[in-house]
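So the chains spell out like this:
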Amino acid sequence: MAEQRPPFDITDERLALAAWSRIAESDDAAARPLLAGAGAGAALDWLYRGARGAPPGLRPSRVWATAAQRWLPRLHNLDPRRELEVIARRGGRLLVPGEESWPVAVDDLPAPPWCLWMLGSACPAGLTRSSVAIVGARACTDYGQRVAQDLAYEVGGQGVTITSGGAFGIDAAAHQAALAADAPVLAVMAGGLDRFYPSANTDLLRQVAGSGVVLAEVPPGTAPMRSRFLRRNRLIAALGKGTVVVEAGWRSGALSTARAANDLMRPVGAIPGPVTSATSAGCHRLIREAEAVLVTGAQDVLELIRPVGTVDEHAPAVQPGLLDDLSPDQAKVLDALPARAGAGFDPLVRASGLAPAQVSAALGMLELGGRVHRSGATWRRNR
């Protein structure tokens, strides 16, 4: 193929990376060693020159010629400056690795993005320092929606960033509740940020961008194809300190987020649902196969993502039991007393199976504790 002249400065690293986000997906098995070995600008120069021979600094291989056949058609009308203008008009910008705002959590991925396109005024690096991904079924139940909202509202109220994918169902419920709690919020898109998807969530995603950040690894104008949703899910997992799956069917896309989090050694939690609910089958599967811990509330989520010992562990409020906080002898004597009638001393000795001295001592302590009272020759429980 004849040489082409690039219409932009390929020595500008930002422009070169923006161009590669259009040319090759971040999981392209040939593009990754190419950019790592030659650099984004030199790799572009080699491509514009017709991809003859091996790229600079790399060994000859058939891989390059095969990959170039995929990449060369995408040079047609390629000019990342236009896409930078599009994102700038919407109040966004381009993030590249190494800059202060870059969320370094994504660098843990086997195939991190070349760059990130963002909308919003918050700093992505700051948002991801304390964050949790809340994901789940698009066709969620009322139960799943309510649980997602409660989790996002309570956890977000603790200053934790709520990260999700902006889709219908659980994603939208998590974003809405985080916004209601005035919590930090982050959404990750599968397509370009010039058009939100799904379009019915446009107003919601504008609110997310207004108070948080919306990210995409593909440039404006890129369609949200099915394969890009799977790559989007791995970004969601990487951007969270942990992932919580609220509802998921047996083959739900949310399970790919959980798998990505497990691969990254990030903790995963799953909300249990009715055993008869198909929308909870994926969550039960994660718990059963030890790929997630059971999560029932905001406290569990905080324990999931924060260092051990930094979260107060409060037992749920329960009605105190009759024999709570009693010694074994006291418990036997109190249990031997009838619930609504009194009992004499000798019957208590026989009923409790204790020696008279033990019964006498136990009754004295129970009386001091306000658990029993004496009425003539009988003892009664206090209500």
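Scroll up to find the structure.
Starting afresh in each chain, residues are numbered from 1 along the sequence in its written order. Reporting of local features is limited, given that this is a predicted model, to residues whose pLDDT is at least 70; pairs of side-chain atoms are given and counted only at 80 or more, and all residues count toward the totals for whole chains, interfaces and linings. Side-chain figures throughout are based on the complete set of non-hydrogen atoms in the structure, without hydrogens or water.

Undergrad: Please clarify how the state of the cysteines should be interpreted in this entry.
TA: Each disulfide consists of a covalent bond between the sulfur atoms of two cysteine residues. The disulfide criterion used throughout: a pair of cysteine sulfur atoms within 2.5 Å. Within the structure shown, the criterion is met by zero disulfides. Summary of cysteine pairing: Cys-115 is not part of a disulfide, and the nearest cysteine sulfur, belonging to Cys-123, is at 17 Å. The classification of residues rests on relative accessible area computed with a 1.4 Å probe and restricted to protein chains. Under 20% of the type maximum is buried, over 50% is exposed, and intermediate values are partly exposed. The exposure class assigned to Cys-123 is partly exposed, which follows from its relative accessible area of 33%.

Undergrad: Explanation requested: the packing of aromatic side chains in the structure shown.
TA: The relative placement of two aromatic rings is captured by the distance of their centres and the angle of their planes. Ring pairs are drawn from Phe, Tyr and Trp, using the six-membered ring of Trp, whenever the two centres fall within 6.5 Å, and their geometry is named by plane angle: stacked under 30 degrees, edge-to-face over 60, tilted for the rest. One pass over the structure, following the stated rule, counts three aromatic pairs. An angle of 75 degrees between the planes, with centres 6.4 Å apart, marks the rings of Phe-8 and Tyr-48 as edge-to-face. Of the two residues, Phe-8 sits in the segment before α1 (13-23) while Tyr-48 sits in helix α3 (residues 40-48), which places them 40 residues apart along the sequence. In terms of burial, Phe-8 and Tyr-48 fall into one category: buried. Only lysine NZ and arginine CZ atoms are considered, and such an atom sits over a ring when it is within 6 Å of the ring centre and within 35 degrees of the ring normal. When the ring centre of Phe-229 is taken as origin, the NZ or CZ atom of Arg-138, which lies over that ring, is 5.4 Å away. Starting at the N terminus, helices and strands are each numbered in turn, a helix being any DSSP run of H or I of at least four residues and a strand any DSSP run of E of at least two.

Undergrad: Mind showing me how you'd approach the sheet that holds strand β12 (residues 378-381) here?
TA: Strands belonging to one sheet form pairs held by backbone hydrogen bonds; the direction of such a pair is parallel or antiparallel. A sheet is described by the order of its strands in space; here three strands give the open sequence β10-β12-β11, paired in antiparallel fashion. Lying at the two open borders of the sheet, with one neighbouring strand each, are β10 (343-344) and β11 (372-375). DSSP bridges decide pairing: two strands pair if at least two such bridges lie between them. Pairing of β10 with β12, which is carried by two bridges, proceeds in the antiparallel orientation. Paired with Gly-344 across the two strands is Thr-378, which belongs to β12.

Undergrad: Even after reading the chapter, I still don't get helix α10 (residues 226-239), so can you show me in this structure?
TA: What sets the pattern is the α-helix's 3.6 residues per turn: residues three or four places apart point alike. By this rule, a helix spans an expected 1.5 Å times one less than how many residues it contains. The terminal C-alpha atoms of α10 lie 21 Å apart, and with 14 residues this matches the ideal 20 Å at 1.5 Å per residue to within 8%. For α10, the buried fraction is high: 11 of the 14 residues fall into the buried class. What α10 keeps buried is the set Arg-228, Phe-229, Arg-231, Arg-232, Asn-233, Arg-234, Leu-235, Ile-236, Ala-237, Ala-238 and Leu-239.

Undergrad: It is not clear to me how the sheet that holds strand β1 (residues 92-95) should be interpreted in this structure. Could you clarify?
TA: As summarised here, the arrangement of the nine strands in space is β1-β2-β6-β5-β4-β3-β7-β8-β9, forming an open sheet in which the pairing is mixed. The open sheet has two edge strands, β1 and β9 (293-294), and neither has a second partner. Where β1 meets strand β2 (residues 116-120), four bridges bridge the pair, whose relative direction is antiparallel. Considered in β2, the bridge of Leu-94 is made with Trp-117.

Undergrad: Mind showing me how you'd approach unusual backbone geometry here?
TA: Only a minority of non-glycine residues have a phi that is not negative, and only a minority of peptide bonds are not trans. Cis geometry is adopted by the peptide bond preceding Pro-198, which originates at Tyr-197 and carries an omega value of 0 degrees. One can find Pro-198 in the loop between β5 (185-188) and α9 (202-211). Residues other than glycine seldom take positive phi values, yet Ala-51 does so here, at roughly 55 degrees. Considering the arrangement of structural elements, one finds Ala-51 in the loop between α3 and α4 (62-71). For Ala-51, a relative accessible area of 12% gives the class buried. Although it is not a glycine, Asn-77 adopts a positive phi angle of roughly 60 degrees. You can see Asn-77 is positioned in the loop between α4 and α5 (80-89). A relative accessible area of 56% means that Asn-77 is categorised as exposed.

Purely geometric stuff here, so don't read any function into it on its own.
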